[in-house]
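Structure assessment
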Amino acid sequence: MKPTKPRERRFSGHPVSPGIAIGPMHEATEASLVISTEKPAPSELPAELARLEEAVARSRHQLQKLKSRLTALPKDSQAEIAPLLDAHLHMLGPSRLLRGIKARIQDGGHGAEAAAHEEAEAQAALIMAQTGGDKAGRQRRAEEVREVARRLIRNLTRQSFRSFEQLPQGSILAAQDLRPAEAALIHPTRFAGIVTAEGGLDGHTAVMLRALGLPAVLGVSGLLDKAITGSLVIVDGDSGDVVLNPSKTSLEAARKKHSAQTRARRALTRLQNLPAQTRCGAQIELQANLELPFELTMIAESGARGIGLLRSEFMFMNRETAPDEDHQARIYQDIIEAMDGEPVTIRLLDWGSDKEIEALSRYLPDSPEANPAMGLRGIRLLLQHEALLETQLAAILRAAAAGPVRIMVPMVSVAKEITETREAMRRVWRRLKRRKSITLPEKMPPLGIMVETPAAALAAPLLASHAEFFAIGTNDLTMYTLAADRASPGAVKLYDPLEPAVLRLIHLTTSFAAATGVPVSICGELASRPAATPLLLGLGIRQLSMHGNAVPRVKQAIRATSLTTCEQIANAALAAPDAEAVRAILAQAQEN
Ligand code: PEP
Ligand code: MG
């Protein structure tokens, strides 16, 4: 009798990395960790500490090896993965985690494995208990602490790590769960796609898979129980659909989609050296946002002309004290030199509210604010801590001798915040001039502001007499205009930069800026959405700054439109009743 063909079954999960993958599914299984809770005799504790030291050394060695293998990955994957491995290496240095594990051995009399497990759990619980801000970020940090402990435990007990080597090339890698450091081990040409039973949209694993460019769907329940090794699977990283044992029709449709995507990708690569110019010949300036220095290579390859937003927060993270003037100046200078004459806009430290920086926690009020987003953050905090502000200004002014720089003030709501920052800048400039050994640029760099509060947008004509440029931060502008925190589940539906109220504030800012001759850009996430590009041009924007990855697609959208069409779209959007209607206008425009 002929064997019956297995029936097609459909599943769905979180679409974390776009693209279609078709192939046989192979599961990478993993033996669970065994942790002994038996306490050693007091005389054995020094030996436990020695075992821990040895496991730390092995773990560090493994991570260094992993780091050296990164060079084989695409540049933007390196940019995502390297900071994560660095964070793990940091935790395996003189960190709070290691101090805690040692204390549990020395004072608590635990064995090394149990000490590592319990300390990681305790620290993860503390991270999760912090209030306010970005829950997904806290979850990621807690998971990283656990991950470092798991590595230590495997090395302590010599339980083997999961390996993907034996899985056939071109297959769909399936797993119950995939950890970020494991994702870092995957070579993008080895597998066609990834599917897991656990995991979500916001985790580090998702970020890494996106950076690797591998189609991936995470959090697909039921699939692993129904599939057998080698079952044919379609993974749709755009929709989150996973089809097991696809029918002829499903397979045909997936193949068509796959080849269309390959063609589109090729076309994007060709765009890199073409000008960002509309059909009617208007030149648009495309710049990149830089969050971590590792992104520089990707930015250089993206076709972006300069950095429109350097979020300087990274320099203050993962360390116990704030970096000094020399340290900051060196980092700015490296970035400016790498941009080779293209402008670099450095934003002064934007900290407070959901942007937590451990090294600066002593500067924050003793009791947490009830409403931190409305409280001390950005320039409000910096103006209260003159030494921090002046150190950063001095470092930027020194580095500005290396190439064109602009300085940007975050979270401005009143003119005084700009004038006081300018006074501080002049003070620092005079002080540096007296230091003979220091080279300064010929002129002080332009000082501009983020327009990210409704007050700044509404008072743009007034602020224009104090600021040399405006950069609209649609992320915060949306939150403050709609009084909707994007991290708050209750308000998440309200948070939408396409709401006409937000668009009107953007339009107000560009109109005032045009009347006063102040250049204006957008550097919030909205700038990276190609569907919104014609709308933003129609609202008067001629400069956009975004994540480097987004530059080619936005350029494509610019080259496909003309200013007349953009203005029609903007007028319709400004008159629309809500974000839903604006989205419909944009969708319609894309079809035409
Ligand atoms: C913004 O608010 O739009 C912005 C670019 O700043 P950040 O996202 O860093 O707050
Ligand atoms: Mg902001």
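Residues numbered from 1 in each chain as written. Chains lettered and ligands numbered in written order. Predicted model: local features only at pLDDT ≥ 70, side-chain atom pairs only at ≥ 80, totals over all residues. Heavy atoms only, no water.

Focus on the overall build of the chain
Note the following rule: We count a stretch as a helix when DSSP gives it H or I for four or more residues in a row; a strand needs E for two or more, and each element gets its number in order from the N terminus. The cut-offs for exposure are 20% and 50% of the maximum accessible area for each residue type, with area from a 1.4 Å probe on protein chains only; residues under the lower value are buried, those over the upper are exposed, and the others partly exposed. Here a residue-residue contact requires only that any non-hydrogen atoms of the pair lie within 4.5 Å.
Helix and strand counts for the chain come out as 22 helices and 16 strands. Taken along the three principal axes of its C-alpha coordinates, the chain extends 75 × 70 × 45 Å. Among the 592 residues that make up the chain, the fraction classed as buried is 51%. Taking as baseline every contact in the chain between residues at least 6 positions apart, the subset at least 24 positions apart corresponds to 68%.

Considering the coordination of the magnesium ion (ligand 2)
Octahedral metal centres with six donors ideally show angles of 90 or 180 degrees, and tetrahedral centres with four donors ideally show 109.5 degrees. Stated precisely, the cut-off is as follows: In this description, a donor is an N, O or S atom within 2.8 Å of the metal centre, a cutoff extended to 3.2 Å for sodium, potassium and calcium. Water is not part of the atom list, which can make sites seem incomplete.
Protein coordination of the magnesium ion (ligand 2) is provided by Glu452 (OE) and Asp476 (OD), with donor distances spanning 2.1 Å. Of the two residues, Glu452 is situated in the loop between β13 (447–451) and α15 (454–458) and Asp476 in helix α17 (residues 474–482); the sequence distance between them amounts to 24 residues. Of the two residues examined, Glu452 and Asp476, each falls in the buried class.

Overview of the site of ligand 1
Inclusion rule: For this purpose, a residue is taken to be near a molecule or strand whenever a single non-hydrogen atom of the residue falls within 4 Å of it. The term polar contact refers here to a pair of N or O atoms within 3.5 Å; inside protein, the definition further demands a hydrogen-donor-capable atom paired with an acceptor-capable atom, and it admits residues adjacent in sequence only when both atoms are side-chain atoms. We get accessible surface area from the Shrake-Rupley algorithm with a probe of 1.4 Å; when it comes to residues, only the shown protein chains can shield them. In this classification, Asp, Glu, Lys and Arg are treated as charged, Ala, Val, Leu, Ile, Met, Phe, Trp, Tyr, Cys and Pro as nonpolar, and every other residue, Gly included, as polar.
Around ligand 1, the structure places 13 residues, and the nearest of them are Arg311, Arg347, Lys355, Gly473 and Asn475. Contact between ligand 1 and Asn475: an oxygen atom at 2.7 Å from a main-chain N or O atom of the residue. When ligand 1 sits alone it has 290 Å² of accessible area, and the protein chains cover 93% of it. Class assignment for the residues of the shell around ligand 1 results in three nonpolar, four polar and six charged.

Overview of the sheet that holds strand β3 (residues 20–27)
The criterion, for reference: For two strands to pair, DSSP has to find at least two bridges joining them. All axes are obtained by fitting lines to C-alpha atoms, using only the stretch in contact for helices, and the reported angles, taken between N-to-C directions, cover 0 to 180 degrees.
Reading across from one edge, β1-β8-β7-β3-β4-β5-β6-β2 is the order of the eight strands in this open sheet, with mixed pairing throughout. The sheet is open, and its two borders are formed by β1 (9–12) and β2 (14–17), each paired with just one other strand. The mean angle between the axes of side-by-side strands here comes to 30 degrees, regardless of whether they run parallel or antiparallel. Both β2 and strand β6 (residues 216–218) contribute to a ladder of three bridges, which runs antiparallel. Bridge assignment links His14 to a residue of β6, and that residue is Leu218. Across the sheet, helix α9 (residues 248–271) lies against β1, β3 and β7 (232–236), angled at about 120 degrees from β3, the strand it touches most.

Some words on helix α18 (residues 500–516)
Every α-helix winds through 3.6 residues per turn, so residues three or four apart in the chain are directed the same way. To be explicit about the condition: Here the expected length of a helix is defined as 1.5 Å per residue gap, with one fewer gap than residues.
In this model, α18 (17 residues) spans 24 Å end to end at C-alpha, consistent with the 24 Å of a helix rising 1.5 Å per residue. Where α18 is concerned, the buried positions are Pro500, Val502, Leu503, Leu505, Ile506, Thr509, Thr510 and Ala513.

Section: the nonpolar core
The cut-off we apply is this: Nonpolar cores are built from buried Ala, Val, Leu, Ile, Met, Phe, Trp, Tyr and Cys residues. Side-chain atoms within 4.5 Å join them into one set.
Phe470, Leu535 and Leu544 are the most contacted members of the largest nonpolar core, which has 107 residues in total. Looking at which element gives the most residues to this core, the answer is helix α13 (residues 386–399), with eight residues. Each residue touching Phe470, except ones within four places of it in the same chain, is listed here: Ile449, Val451, Ala460, Leu463, Ala464, Thr509, Ala513, Val518, Pro519, Val520 and Ser521. One finds Leu63, Leu70, Leu152 and Ile153 within the second-largest nonpolar core, a separate group that totals 49 residues.

What about the environment of Val217?
Along the chain, Val217 turns up in strand β6. Taking relative accessible area as the criterion, Val217 reaches 0% and is therefore assigned buried. A sequence separation of 162 residues divides Val217 from Ile379, and the C-alpha atoms of the two residues are 40 Å apart. Not counting chain neighbours up to four residues away, the residues in contact with Val217 comprise Gly13, His14, Ile194, Val195, Thr196, Val235, Asp236, Gly237, Gly240, Asp241 and Val242.

Some words on the packing of aromatic side chains
What counts is decided by this rule: Aromatic contacts are taken between Phe, Tyr and Trp rings whose centres are within 6.5 Å, Trp giving its six-membered ring; a plane angle under 30 degrees counts as stacked, one over 60 as edge-to-face, and the others as tilted. Comment: the charge-over-ring label is applied if NZ (Lys) or CZ (Arg) is within 6 Å of the ring centre and within 35 degrees of the ring normal.
If you walk through the whole model with that rule in mind, you get one aromatic pair. When the centroid spacing of 6.4 Å and the interplanar angle of 80 degrees are considered together, the rings of Trp351 and Tyr363 count as edge-to-face. Of the two residues, Trp351 is situated in the loop between β11 (344–347) and α12 (379–384) and Tyr363 in the loop between β11 and α12; the sequence distance between them amounts to 12 residues. The ring centre of Phe469 lies 3.7 Å from the NZ or CZ of Arg406, which sits over that ring.

Concerning the packing of α17 against α18
Spelled out, the test is: Put simply, angles under 35 degrees are roughly parallel, angles over 145 are roughly antiparallel, angles from 65 to 115 are roughly perpendicular, and the rest are oblique. Left-handed is the label given to a crossing in which the near helix is rotated counterclockwise from the far helix by less than a right angle, and right-handed is the label when the rotation is clockwise.
The interhelical angle for the contact between α17 and α18, taken along N-to-C directions, is 120 degrees, at an axis separation of 9 Å. One way to sum up the angle between α17 and α18 is to call them oblique. In this structure, α17 crosses over α18, and the sense of that crossing is right-handed. Residues Thr474, Leu477, Thr478, Thr481 and Leu482 of α17 form the contact with α18, whose own contacting residues are Ala501, Val502, Leu505 and Ile506. Partitioning the contact of α17 with α18 into residue classes produces six nonpolar, three polar and no charged.

A word on the side chain of Asn289
Looking at the secondary structure, you find Asn289 in strand β9 (residues 285–290). Asn289 sits in the buried class, given a relative accessible area of 6%. Looking at Asn289, its side chain comes within polar contact range of the side chain of Ser545, at 2.6 Å. Aside from chain neighbours lying at most four places away, what touches Asn289 is Glu295, Ile299, Leu309, Arg311, Cys523, Ser545, Met546 and His547.

A closer look at the domain arrangement of the chain
Note the threshold: Domain limits in this description derive from either an automatic procedure or a database domain assignment.
Split into domains, the chain comes out as domain 1 (9–30 + 163–248), domain 2 (42–157) and domain 3 (281–591). Distance between the C-alpha centres of domain 1 and domain 2: 26 Å.

Comments concerning unusual backbone geometry
Residues other than glycine predominantly adopt negative phi, and peptide bonds predominantly adopt the trans conformation. Phi is positive for Asn245, which is not a glycine, with a value near 50 degrees. With respect to the element layout, Asn245 can be found in the loop between β8 (241–244) and α9. The class of Asn245 is buried, set by a relative accessible area of 14%. With phi around 50 degrees, Ala483 is a residue other than glycine that occupies positive phi space.

Considerations on the pairing of strand β16 (residues 543–547)
Counting buried positions along β16 yields four of five residues, so the element is predominantly enclosed. Here β9 runs beside β16; their pairing, made up of five bridges, is parallel. Looking at the pairing, Ala288 lines up with Met546 of β16.

Thoughts on the packing of α13 against helix α14 (residues 415–434)
Contact geometry of α13 with α14 gives a least axis separation of 9 Å together with a crossing angle of 60 degrees. If you check the angle between α13 and α14, you find them oblique. At the point where α13 passes α14, the crossing takes the right-handed sense. Between α13 and α14, the contacting residues are Glu386, Leu389, Glu390, Leu393, Ala394, Leu397 and Arg398 on the first element and Thr421, Ala424, Met425, Arg427, Val428, Trp429, Arg431 and Leu432 on the second. Of the residues assigned to the contact of α13 with α14, the class counts are nine nonpolar, one polar and five charged.

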